[in-house]
Amino acid sequence: MTDDAPELRASDADRERVAEVLRDALAEGRLDMAEFEERLDATYSARTYGDLAPITRDLPVGGAGAAPRVSMTKEPERDGDWAGRITGGEGSSTWAVAVMSGFQRKGRWTVPRRFNCFAFWGGGEIDLRDADFAAGEVVINCVAIMGGMNVVVPPGVEVVVRGIGFMGGFDHSEEGVLGDPGAPRVVVTGFAFWGGVGVERKVTRAERQRLKEERRQEKLERRQERERERLERGSGRRELDASRSDGHGLDGLHDLHDAGRERELERERERRRDT
């Protein structure tokens, strides 16, 4: 963690890197469960780099004494190329545990070939929408005992569900949807007892905002088109009324004058015949 700019806002990826250090420390016996849960809660509620820095200051990272670094630059936008998101190598996080608590994996992280998670009287969220993938096929192994987990995948990813439920269940609603060419395949497996594992497909926040802006622009264009049509109809009526008053109205007066003159001439001819 950097001390250069403690007031800068931390990202989800920064919080996730700190949480991974805490999980390693718990597995190595450096933290007990109470300390782990306290620090994990502080990690996910942290807003700035300064909030994150003290959480792992007394813990080694990857065998070295340095604390985890955070990104000081904005990550590039996704370009939609699946090949660029299947990176190979190892995952940034390989397991998660929630005992009467919860966990999250979301934002920019690398999904390993096999990710194991366990929830007992708790819950967890595994969000793959902004994630990279260590392989073209990854396995999310979920064990939920009187708890629940939710796996969120982006559009274009193929999902296969192979989990077993006993007085619980796995969500199969996203199975059967063909993936995009080159997209990863996500296999959700595991066991649920008095609990459940959900699977849902969602677009990213940036994509949702883009679609919302497109709909707003379409509504604006339709409104402008209706306004143009209304103005054109109003202009056409005004032109018609003007033409009637300038042309057809005068013609009507001329017709009335001619008809009156014709009647006068007819009466004059009748008087001459009588005389």
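The rules behind these values
- Residues numbered from 1 in each chain as written.
- Predicted model: local features only at pLDDT ≥ 70, side-chain atom pairs only at ≥ 80, totals over all residues.
- Heavy atoms only, no water.
- pLDDT = per-residue confidence, 0-100.
- Contact = heavy atoms within 4.5 Å.
- Salt bridge = Lys/Arg side-chain N within 4 Å of Asp/Glu carboxyl O.
- Buried < 20%, exposed > 50% of the residue type's maximum accessible area, 1.4 Å probe, protein only.
- Pairing = 2+ DSSP bridges.
- Helix = DSSP H or I, 4+ residues; strand = E, 2+ residues; numbered from the N terminus.
- Core = buried A, V, L, I, M, F, W, Y, C linked by side-chain atoms within 4.5 Å.
- Axes fitted to C-alpha atoms, helices over the stretch in contact; angles between N-to-C directions.
- Parallel < 35°, antiparallel > 145°, perpendicular 65-115°, else oblique.
- Nonpolar A, V, L, I, M, F, W, Y, C, P; charged D, E, K, R; others polar.

> Sorry, what's going on with the confidence of the model for the protein here?
Caution is warranted with low-pLDDT regions, since their predicted coordinates should not be read in detail. For the protein, the average pLDDT comes to 80, and 79% of its residues sit at 70 or higher. Of the regions scoring below 50 in pLDDT, residues 62-68 engages in nine contacts with residues more than four places distant in sequence or in other chains. This stretch, residues 70-77, has a pLDDT under 50; its non-local contacts, to residues over four places away or in other chains, come to 14 contacts.

> I'm lost on the pattern of salt bridges in this one. Help?
Tallied over the entire structure, the rule returns eight salt bridges. Between R129 and D127 there is a salt bridge; the shortest N-O distance is 2.7 Å. With respect to class, R129 is no different from D127; both count as buried. A salt bridge links E200 to K202; its shortest N-O distance comes to 3.8 Å. On the accessibility criterion, E200 (26% relative accessible area) is partly exposed. Connected via shared salt-bridge partners are E137, E158 and R185.

> Is there a simple way to explain the sheet that holds strand β13 (residues 196-201) in this structure?
The strands making up a sheet associate through hydrogen bonds between their backbones, and the pairing can be parallel or antiparallel. The five strands lie next to each other as β2-β5-β8-β13-β11, forming an open sheet whose pairing is parallel. Each edge of the sheet is formed by a strand with only one pairing partner; in this case those strands are β2 (102-105) and β11 (169-170). Alignment of β2 against strand β5 (residues 123-127), held across four bridges, turns out to be parallel. When the sheet's bridge partners are listed, Q104 is paired in β5 with E125.

> Teacher, can you tell me more about the nonpolar core here?
Taken as a class, soluble globular proteins show a tendency for nonpolar side chains to be buried jointly. Counting 30 residues, the largest nonpolar core has I126, L128, V151 and V188 as its most contacted members. Taken together, the elements giving at least two residues each to this core come down to β1 (95-99), β4 (114-120), β7 (137-145), β8 (148-153), β9 (158-161), β12 (185-193) and β13. At four residues, β7 tops the list of elements feeding residues into this core. Excluding anything up to four places from it in sequence, I126 contacts F103, R105, W109, F115, C117, I140, M149, N150, V151 and V152. Grouped together as the second largest cluster of nonpolar side chains are 14 residues, A10, L40, Y49 and L52 included.

> Sorry, what's going on with the packing of helix α1 (residues 12-27) against helix α2 (residues 33-45) here?
What describes two packed helices is the angle between their axes and the distance between those same axes. Packing of α1 against α2 leaves a shortest axis separation of 10 Å and a crossing angle of 175°. For the element pair α1 / α2, the angle class is roughly antiparallel. Along its contact with α1, which presents R15, E16, V18, A19, L22, R23 and L26, the element α2 presents M33, F36, R39, L40, T43 and Y44. Of the residues in the contact of α1 with α2, the class split is eight nonpolar, one polar and four charged.

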